[in-house]
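Observations on the model geometry
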Amino acid sequence: MGHLKRLVAPDFWPIAKKKYKWTFSPSPGPHKKDECIPLAIIIRDILGLAETGKEAKRIIKSREVLVDGKVRTDHRYPVGLLDVISIPKINKHYRVVPHKNGLKLIEIDENEAKKKILKIVGKRSIRGARFQLNMNDGKNIIVNENKYRTNASFLVKLPSLEILDYVEMDVGNIVLVTSGQNAGKVGKIVEVKEGKFNVKPKLICEVEGKRVEVLKEHAIVIGREEPLIKVSE
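Residues numbered from 1 in each chain as written. Predicted model: local features only at pLDDT ≥ 70, side-chain atom pairs only at ≥ 80, totals over all residues. Heavy atoms only, no water.

1. Some details on helix α2 (residues 53–61)
Under the convention used in this document: Only protein chains enter the accessibility calculation, which uses a 1.4 Å probe; a residue is then buried when its area is under 20% of its type maximum, exposed when over 50%, and partly exposed in between. Only DSSP runs of H or I with at least four residues qualify as helices, and only runs of E with at least two residues qualify as strands; both kinds are numbered from the N terminus onward. An arc is given here, and it is the one of the directions from the helix axis to the C-beta atoms.
Gly-53, Ala-56, Ile-59 and Ile-60 are the residues of α2 that are buried. Summarising the axial view, the buried residues of α2 lie within an arc of 120°, below the 170-degree limit, and thus occupy one face. Along α2, exposed side chains directed more than 90 degrees from the buried face belong to Lys-54, Arg-58 and Lys-61. Once α2 ends, the next one or two residues include Arg-63, with phi positive near 65°.

Structure (C-alpha cells):
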C-alpha cells in the first residue's frame, strides 16, 4: 500500500493533520514502520525542499537524494536511526537521530556524512569459515574472524561499509539512548546487567549527571571517551 491515513502515522512525522488526510506509507525495508520516516516526507515536510508530494517524488526520482551514500529513487524508502541523507546538488547532509518523541534530523558536514555507526544485532557462521554480522539497519557485514560481539558497534565508511573502528558495549564507553524517556541523550556505561530468564539485559548509564537504567536493546555504543560521530546539534 502506497498511502497511510495521517491520523495513524507516527506522531514524529511532521505532517499537518488538517492539511493532509493521507500520507506516504514506508516501503518494506530495514526499519519498522514506526521507527522510520518515508523519504518523501523528509524532502517535503522536514527539509522543505518541495511543496507537494508530487514535487518530492520528482526530486527523488531524479536521483538527487542519497541515503548512506547510495542513490535512492523510491519516495517511500524508509529512513531510520543514524541513517545519513545527502543532497549533493545543494551540498547538504543530515543524520537521523533519536529524540524523546521518535526521530529527528540534524545537519552534519560532508566529512561526517561519510561515516556511520552500526550496531551488531546478530551473527552466524557462513561458508568458507567466515561470519555474517547482522546490523541494526538491515545491512550485513562479512568478516573472517569470530571476534566481534553482539551489541557492539562498528564505525564504518559510507557507502563501502569499510570498518574504521570497533567499540564494545562495556563499562566506560559512550552510548546513545535510542528509546524511552531518555531517547536522544548520550551517557557513559557504569554497569552492565546481563539478563536472566525473562529479565532483559540492561545498562546502568550516567546521563546528564544522573544514573539511569536502559535496556541494551534501547542503546547503541557510539564511542569511548567521546562520540565517534555527531549525534546532537
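So, next bit.
2. With respect to the pairing of strand β8 (residues 92–99)
We apply this condition: Paired strands, in this sense, are two strands between which DSSP finds at least two bridges.
In terms of burial, β8 is largely enclosed, as six of its eight residues are buried. When strand β7 (residues 84–87) meets β8, the two strands line up antiparallel, connected through four bridges. Residue pairing for β8: Ser-86 is matched across the bridge by His-93. One ladder, built from seven bridges, connects β8 with strand β9 (residues 102–108); its direction is antiparallel.

3. As for the sheet that holds strand β15 (residues 174–177)
Let me state the cut-off plainly: Where helices are involved, their axes are fitted lines through C-alpha atoms of the stretch in contact, as for all axes, and angles between N-to-C directions lie from 0 to 180°.
Overall, antiparallel pairing links the five strands, which are arranged β18-β17-β16-β15-β19 in an open sheet. At either end of the open sheet lies a strand with only one pairing partner, and these are β18 (210–215) and β19 (219–223). On average, each strand axis in the sheet is inclined to that of its neighbour by 45°, with strand direction left out of account. The sheet contact formed by β15 and β19 spans four bridges and is antiparallel. Within β19, the position partnered with Leu-176 by the bridge is Ile-220.

Purely spatial values, then, with no claim about function.
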